[in-house]
Amino acid sequence: QVQLVESGGGLVQPGGSLRLSCAASGIMFSIYNMGWYRQAPGKQRELVATITNDGTINNADSVKGRFTISRDNAKNTVYLQMNSLKPEDTAVYYCKAGRGIGIGFWGQGTQVTVSS
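Below you will find a few notes about this structure.

About the cut-offs
Residues numbered from 1 in each chain as written. Predicted model: local features only at pLDDT ≥ 70, side-chain atom pairs only at ≥ 80, totals over all residues. Heavy atoms only, no water. Pairing = 2+ DSSP bridges. Helix = DSSP H or I, 4+ residues; strand = E, 2+ residues; numbered from the N terminus. Buried < 20%, exposed > 50% of the residue type's maximum accessible area, 1.4 Å probe, protein only. Polar contact = N/O pair within 3.5 Å; in protein donor to acceptor, adjacent residues only side chain to side chain. Contact = heavy atoms within 4.5 Å. Disulfide = S-S within 2.5 Å.

Digging into the pairing of strand 5 (residues 46-51)
Bridge analysis of strand 4 (residues 33-39) against strand 5 gives five bridges, and the strand direction is antiparallel. Pairing of Met 34 across the sheet is with Ile 51, part of strand 5. Counted between consecutive antiparallel strands, the loop separating strand 4 from strand 5 contains six residues, among which Gly 42 sits at a positive phi close to 80°. Strand direction decides the pairing type here: strand 5 and strand 6 (residues 57-59), joined by three bridges, are antiparallel. In the sheet register, Ile 51 faces strand 6, and the bridge partner there is Ile 57. What sits between the antiparallel neighbours strand 5 and strand 6 is a turn of five residues, in which Gly 55 has the positive phi angle 95°.

Here's what the structure looks like:
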């Protein structure tokens with residue numbers, strides 16, 4: 001019933017840009033907090049950026065000034081605009097919808113590879 005579908009991942013060169021999208025269905029999108037997380041090989045999954053249902057944004061220090069999270073409630077979609085990409089940004093990026101304590105849904109993930 002609940003479905004989060006990411007798109008926009010791929011292979012880009014250092015310094016390049018990419019925009020990830022996450023389309024949600026099966027939830028009342030406007031009341032959910034949304035976020036992007038990433039996981040690189042050998043590392044724990046980490047927060048990239050979140051945006052609450054009232055528009056409050058939290059960014060990881062590693063992406064401040066480079067990544068921008070946004071949401072379009074009319075389209076049930078959250079975006080992650082990634083600029084000035086670095087090789088260390090290489091990871092699987094996951095979309096998450098959350099509400100309250102312990103209520104969350106994850107997308108399947110999309111691979112982002114930054115390499116020359």
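Alright, that's what it looks like, and here's the rest.
Focus: the side chain of Asp 89
Within the secondary structure, Asp 89 is located in the loop between strand 8 (77-82) and strand 9 (91-99). A relative accessible area of 1% means that Asp 89 is categorised as buried. Of note is the side chain of Asp 89, whose polar atom sits 3.0 Å from the side chain of Arg 38. Other than its neighbours up to four places away in sequence, Asp 89 contacts Arg 38, Arg 66, Phe 67, Ser 84, Val 112 and Val 114.

Structural notes on the state of the cysteines
Under the counting rule described, the total for this entry stands at one disulfide. Here Cys 22 engages in a disulfide with Cys 95; their sulfurs sit 2.1 Å apart. Measuring handedness by torsion sign, the sulfur bridge of Cys 22 and Cys 95 sits at about -80° and is left-handed. In this pair, Cys 22 is assigned in strand 3 (residues 18-25) and Cys 95 in strand 9, connecting sequence segments 73 residues apart. For Cys 22, a relative accessible area of 0% translates into the label buried.

Here's the deal with the environment of Lys 43
Mapped onto the fold, Lys 43 is located in the loop between strand 4 and strand 5. Between the alpha carbons of Lys 43 and Ile 27 there is a distance of 30 Å; along the sequence they are 16 residues apart.

Here's the deal with the pairing of strand 11 (residues 110-114)
On strand 11, burial follows the alternation: Thr 110, Val 112 and Val 114 on one face are buried, whereas Gln 111 and Thr 113 on the facing-out side are not. Direction of pairing for strand 2 (residues 10-12) relative to strand 11: parallel, over a ladder of three bridges. Across the sheet, the residue bridging to Val 12 is Val 114, located in strand 11. Where strand 9 and strand 11 come together, three bridges link them in antiparallel fashion. In the strand pairing of strand 11, Val 92 is matched with Gln 111.

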